[in-house]
Amino acid sequence: MKSASRIYLSSPHMNGSELNYIHEAFRKNWIAPLGANVDGFEEDLQAFTSRGHAAVVSSGTSALHLALVLCGVESGDEVICQSFTFTASANPIRYQGATPVFVDSETETWNMDPAILEKAILDRIKNGKKPKAIIVVHLYGMPAKMRRIQKVASTYGIPVIEDAAEALGSMVEDRKCGSFGLLSVLSFNGNKIITTSGGGALLADDKKSIERARFLATQARDQAAHYEHSQLGYNYRMSNIVAGIGRGQMNSLDEYVLARRANHDFYFRELNGNWLTAADASAKSRKESSNGIYFLKEPAGYFSNRWLTTILVNPAETGGVTREDLRLALEKENIESRPLWKPMHMQPLYENSPYYGWGVSDRLFELGLCLPSGSNLTDEERFRVVSTIKKRLKKADMNSKQNNSRVTFTRPAE
Ligand SMILES: *Cc1c(COP(=O)(O)O)cnc(C)c1O
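To keep things clear, this report deals only with the structure shown in the data block. None of these values were measured; they are calculated from a predicted model.

What counts and how
Note on numbering: residues in each chain are counted from 1, in written sequence order. For a predicted model such as this one, the threshold for reporting local features is a pLDDT of at least 70, and the threshold for listing and counting side-chain atom pairs is 80 or more; totals across whole chains, interfaces and linings nevertheless cover every residue. Only hydrogens and water are set aside; all other atoms, that is, all heavy atoms of the structure, feed into the side-chain values. The way it works is that DSSP assigns letters per residue, a run of H or I at least four long becomes a helix, a run of E at least two long becomes a strand, and they are numbered from the N terminus. As defined in this context, the radius of gyration uses C-alpha atoms, and a globule is described by 2.2 Å times the residue total to the power 0.38. Each residue is placed in one exposure class: buried if its accessible area under a 1.4 Å probe, protein chains only, is under 20% of its type's maximum, exposed if it is over 50%, and partly exposed if it falls in between. Here a residue-residue contact requires only that any non-hydrogen atoms of the pair lie within 4.5 Å. Each accessible area value is a Shrake-Rupley result obtained with a 1.4 Å probe; residue values ignore everything except the protein chains displayed when judging cover. Salt bridges are counted wherever a side-chain nitrogen of Lys or Arg sits within 4 Å of a carboxyl oxygen of Asp or Glu. Here a residue is near a molecule or strand as soon as one of its heavy atoms is found within 4 Å of it. N or O atoms closer than or at 3.5 Å make up a polar contact, with two conditions inside protein: a donor-capable atom paired with an acceptor-capable one, and, for residues adjacent in sequence, both atoms drawn from side chains. For two strands to be treated as a pair, DSSP must find no fewer than two bridges joining them. Axes here mean lines fitted to C-alpha atoms, for a helix over just the part in contact, with angles spanning 0 to 180 degrees between N-to-C directions. What the arc describes is the spread of directions from the helix axis to the C-beta atoms. Pairs were defined over the aromatic rings of Phe, Tyr and Trp, the Trp ring being its six-membered one, requiring ring centres within 6.5 Å. Orientation was assigned from the angle between planes: stacked under 30 degrees, edge-to-face over 60, tilted for the rest.

With that settled, consider the overall build of the protein. When helices and strands are tallied, the protein shows 14 helices and 16 strands. The C-alpha radius of gyration of the protein comes to 22 Å, within 12% of the 22 Å expected for a compact globule of 414 residues. Expressed as lengths along the three principal axes of its C-alpha atoms, the size of the protein is roughly 80 × 55 × 40 Å. Within the protein, buried positions represent 56% of all 414 residues. In the protein, of all internal contacts separated by at least 6 residues, the share reaching a separation of at least 24 is 73%. As displayed, the protein offers around 17800 Å² of accessible surface, 51% of which is attributable to carbon and sulfur atoms.

Attention now moves to the pattern of salt bridges. Under the counting rule described, the total for this entry stands at 18 salt bridges. For Glu24, the salt bridge goes to Arg27, with nearest N and O atoms at 3.0 Å. Residue Glu24 and its partner Arg27 are located together in helix H1 (residues 18-27), separated by 3 residues, close to a single helical turn. Relative accessible area serves as the criterion here: at 32%, Glu24 is assigned to the partly exposed category. Take Arg27: its relative accessible area is 61%, and that puts it in the exposed class. Here Glu42 and Arg237 are joined by a salt bridge, their closest N and O atoms 2.6 Å apart. Taken together, the residues Glu42 in helix H2 (residues 36-49) and Arg237 in the loop between helix H7 (207-217) and helix H8 (240-250) connect sequence positions 195 residues apart. For Glu42, a relative accessible area of 4% puts it in the buried group. By relative accessible area, Arg237 is classed as buried at 15%.

It is worth spelling out the site of the ligand at this point. Taken together, 15 residues surround the ligand, and among them Thr61, Asp163, Glu166, Ser187 and Lys192 come closest. Measuring from an oxygen atom of the ligand, one finds a backbone N or O atom of Gly60 at 2.8 Å. Glu166 is positioned with one of its side-chain polar atoms (N or O) 2.6 Å from an oxygen atom of the ligand. Here the ligand, which alone exposes 380 Å², has 93% of that area covered by the protein.

Attention now moves to the sheet that holds strand S14 (residues 338-339). The sheet built from 5 strands is open, its strands ordered S10-S11-S13-S16-S14 with mixed pairing. Both edges of this open sheet fall to strand S10 (274-276) and S14, since each of them pairs with a single strand only. Judged from the 2 bridges that link them, S14 and strand S16 (residues 368-371) form a sheet pairing that is antiparallel. Bridge pairing links Pro339 to Leu369 in S16. Relative to strand S11 (residues 293-296), helix H9 (residues 253-270) is tilted by about 150°, and along the sheet it contacts S10, S11, strand S13 (309-313) and S16.

Quick look at H1 now. Residues three or four positions apart in an α-helix share a direction because the helix packs 3.6 residues into each turn. Where H1 is concerned, the buried positions are Glu18, Ile22 and Ala25. For H1, the angular spread of the buried residues around the axis is 60°, confining them to a single face. Along H1, exposed side chains directed more than 90 degrees from the buried face belong to Asn20, His23 and Arg27. Summarising the contacts, the buried residues of H1 are in contact with H2 and H8. Remark: Asn29 follows H1 within two positions and exhibits a positive phi of approximately 55°.

In this fold, Gly199 is placed in the loop between strand S8 (183-187) and strand S9 (200-204). Judged by its relative accessible area of 3%, Gly199 falls in the buried class. Gly199 sits 12 residues away from Ser187 along the chain, and the two C-alpha atoms are 5.9 Å apart.

Another aspect to go through is the packing of aromatic side chains. Applying the stated criterion to the full structure yields 11 aromatic pairs. Pairing Tyr234 with Tyr236 gives two aromatic rings, centres 5.1 Å apart and planes at 10°, and the pair type is stacked. Both residues of the pair, Tyr234 and Tyr236, belong to the buried class. Ring geometry for Phe266 and Phe383: centres 5.1 Å apart, planes at 85°, overall edge-to-face. One end of the pair, Phe266, is in helix H9; the other, Phe383, is in helix H14 (residues 379-394), with 117 residues separating them in the sequence. Note on Phe383: relative accessible area 43%, which makes it partly exposed. Taken together, the ring pairs in this structure connect Phe84, Phe86, Tyr140, Trp307 and Trp341 into an aromatic cluster.

Across the sheet, which stays open at both edges, the 3 strands sit in the order S7-S6-S12 with antiparallel pairing between neighbours. With partners counted over all chains shown, the strands left at the sheet margins are strand S7 (175-176) and strand S12 (302-303), one partner each.

Given below as structure tokens:
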């Protein structure tokens, strides 16, 4: 029987100040359309990310869709997308009738591999089509190798759309995620760093792009007293009530990032974690013993918001215990955990889409688990998580523990 209350992967964390903005909107009867909270939330996001302009919309998915429309993506086009991500990164490509071309991850940040990206671009050009855009993701809050990706993108003149849905508050050398793309996307879905119950934002430095995004997001209505339309529009704007929640959440953003990072450090310490570094990942094997639980280290200069704490569970070192064994043990104690995102190139939905890579994200999916990571987790809850994991690891079959080869990613010979 399940007795203790459920521990969630990442649940909404309200601070109370959200209600002030909502009450103010009610007092003025400014429930819709748009209004002061929408303007205020957009200004807050611009200031936080140091972007010129922001438009808040109904979801991160709709922001990505608008970004593709702004890049001129049309039916028959190709768009490069990180394979290791949540399906919302890729689906808007299909909304436009275009084809996603998936690119695998590197082992240092688990995001788009710049070398494979360049190979993919060259191959697509050889096949007769230059990709119209590149969608890069900062998965689980870890920033992608943006400098190298942008260099490749600019070499071939392809715009970068930055999916920072999981990375609000993450940085590379003081530069915030959400400031790297020609167009950048945030999400305020219920499980993200901050939430508006549901919502998203599109960020850019170019004023015209954001003005056009706002126009498209409000049914593309031309200037006229009557309703005149010459372009296809969408109903994607965020409501003034929802934006009020966002303004309140911004008051706690820095604190929530620190809390999520503290979760990560707690798990690392309590589980006796090993760092998965590029050196580890490429080494054939190591002598020193390990308990088979790996964490992803921040490369020098990188700051992850640690949206979700992710571990790799290596059965070759745990005595056969897999990430699925841990997930089931946690579930039995009424604790939610989740395998890492299943890469898009492995999804039935995208089985016919081109893919470039050598199996990094496949292996991450096979070994990886997300642990409860909410900024509102209590010490007691975190202890419940680690003691459940430790107990399950102890039950492992020690006889099968002779094989202690480390987690490796071996690039196949060319
Ligand atoms: C959550 C998420 C999205 C989509 O955001 P919604 O607001 O849920 O539409 C897109 N990309 C990634 C990587 C996400 O995690």
